[in-house]
Amino acid sequence: MADETTAEFDTEELARGWAQLADRRPTHHTELAFAARTDIGRVRENNEDKFDFFLPDDAPTQAVRGRLWAIADGMGGHSAGQVASEAGLKTVIRSYFAEPVVGEVGEALQQSLRDANALITQAAINMGAKNGMGTTMVVAIVLNDMLTLAHVGDSRAYLLREGERIRQLTTDHSWVEEQVRRGALSRAEAEKSPYRNVITRSIGMGDGMDADILTEKLFPEDILLLATDGVTGYLGEDALAALMSNKSLSKAALDIVDAANDAGGKDNSTVVLLKVLSITSTSEGES
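Keep in mind the model is a prediction, meaning the values are calculated, not measured.

Draft legend 1. Main features of the sheet that holds strand β6 (residues 156–160). Strand order across the open sheet formed by five strands is β1-β10-β9-β6-β7, with antiparallel pairing between neighbours. The open sheet has two edge strands with one neighbour each: β1 (28–39) and β7 (167–168). Relative to β7, β6 runs antiparallel, the two sharing two bridges. In the strand pairing of β7, Y158 is matched with Q168. Docked against the sheet, helix α9 (residues 237–244) engages β6, β7, β9 (223–227) and β10 (269–281), running at close to 60° with respect to β6.

Below, the structure is given as structure tokens:
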């Protein structure tokens, strides 16, 4: 099972279904820069965090499915969390790009996370004694001038837009977040709660798992941050915004992870940063 769940995906196989869409072109060209970094931290013996991306270089694929970046934070201890995060991300990529004519972006993205959930749920059964095996996930799709996000668990996405305060786009699937929404805990109490790492939804939880899907129109200079809780558990919004600003994305990724380690580093930490450099309309694109 381990060989199957961690096998490399075949990009040629993924590309084969797209010939019938050869005339499709994106309606907008969104030029992006990105950087990523993952770190084991200062306490853990292994890194259960993963990041991945898939950037098709042909116009038809970009026109229908766009480009993908994702992070995952595995759970289950020892090898289980590593298998869950890595296999989950690869399954999402395979599933999302494998069906060129089935569903809109949000629908296809939702199905890809359901496929990952089914795989990890079955893998936990096959591996035995892995009752806690699972993973959080945030997946970002950039198609034309739109961002589509899918997320499960407490890994997060933030948007830093010029002239605006940094904004958290995702809502944690966690016990403390539910208590905040119900008015049972204040935000300050939630951040200090011993149950703040108890999540209520994950890839691998079994039947009935649905991801939250949301969309956001993109503008030049927007910076998107995907981060696991090894980062957000230590760094608040103001600190993240300061660390993301006025520097290259590679330096920002390095600085964010280093800051999380300096603040405690008790968990793995992973970030993916995307910056919109420009957006132009394409005369050949379909509306």
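Draft legend 2. Seen up close, the sheet that holds strand β8 (residues 212–217). Taken in spatial order, the five strands line up as β2-β3-β4-β5-β8 in an open sheet, and their pairing is antiparallel. Of all the strands in the sheet, just β2 (49–54) and β8 have a single pairing partner and so form its edges. Each strand axis lies, on average, 15° off the axis of its neighbour in the sheet, ignoring direction. Note: strand β4 (residues 134–143) against strand β5 (residues 146–152), seven bridges, orientation antiparallel. Across the sheet, residue A140 finds its bridge partner in β5, namely L149. Running at roughly 160° to β4, helix α5 (residues 105–127) makes contact with β4, β5 and β8 of the sheet.

Draft legend 3. Region of interest: the pattern of salt bridges. This model, assessed by the stated rule, comprises 15 salt bridges. Taking the shortest distance from any N to any O, the salt bridge between D222 and R161 comes out at 2.8 Å. Pair noted here: D222 is in the loop between β8 and β9 and R161 is in the loop between β6 and β7, with a separation of 61 residues, a long-range link. For the residue pair D222 and R161, the accessibility class agrees, reading buried in each case. The residue D212 makes a salt bridge to R201 at a minimum N-O spacing of 3.1 Å. Of this pair, D212 sits in strand β8 while R201 sits in the loop between α7 (187–192) and β8, and the two are 11 residues apart along the sequence. Since its relative accessible area comes to 24%, R201 is described here as partly exposed. One continuous salt-bridge network, built from bridges that share partners, spans R161, R167, E216 and D222.

Draft legend 4. Up close: the side chain of H151. Note on placement: H151 falls in strand β5. A distance of 3.2 Å separates a polar side-chain atom of H151 from the backbone oxygen of T171. For H151, the contacting residues outside a window of four places in its chain are M137, V138, T170, T171, H173, A211, D212 and L214.

Draft legend 5. Fine view of the layout of surface pockets. Roughly 870 Å³ of volume is contained in the largest pocket. Lining the largest pocket are 30 residues, with R156, R196, N197, T232 and G233 sitting closest to its centre. Where the lining of the largest pocket is concerned, the elements lending two or more residues are β3 (67–75), β6, α6 (175–182), α7 and α8 (229–232). A breakdown of the residues in the lining of the largest pocket according to their chemical character gives seven nonpolar, nine polar and 14 charged.

About the thresholds
- Residues numbered from 1 in each chain as written.
- Predicted model: local features only at pLDDT ≥ 70, side-chain atom pairs only at ≥ 80, totals over all residues.
- Heavy atoms only, no water.
- Pairing = 2+ DSSP bridges.
- Helix = DSSP H or I, 4+ residues; strand = E, 2+ residues; numbered from the N terminus.
- Contact = heavy atoms within 4.5 Å.
- Axes fitted to C-alpha atoms, helices over the stretch in contact; angles between N-to-C directions.
- Salt bridge = Lys/Arg side-chain N within 4 Å of Asp/Glu carboxyl O.
- Buried < 20%, exposed > 50% of the residue type's maximum accessible area, 1.4 Å probe, protein only.
- Polar contact = N/O pair within 3.5 Å; in protein donor to acceptor, adjacent residues only side chain to side chain.
- 1 Å grid on protein atoms, 1.4 Å probe; cavity = no way out; pocket = protein on both sides within 12 Å on 5 of 7 lines; lining within 4 Å.
- Points joined across faces, edges and corners; volume = space filled by probe spheres on them.
- Nonpolar A, V, L, I, M, F, W, Y, C, P; charged D, E, K, R; others polar.

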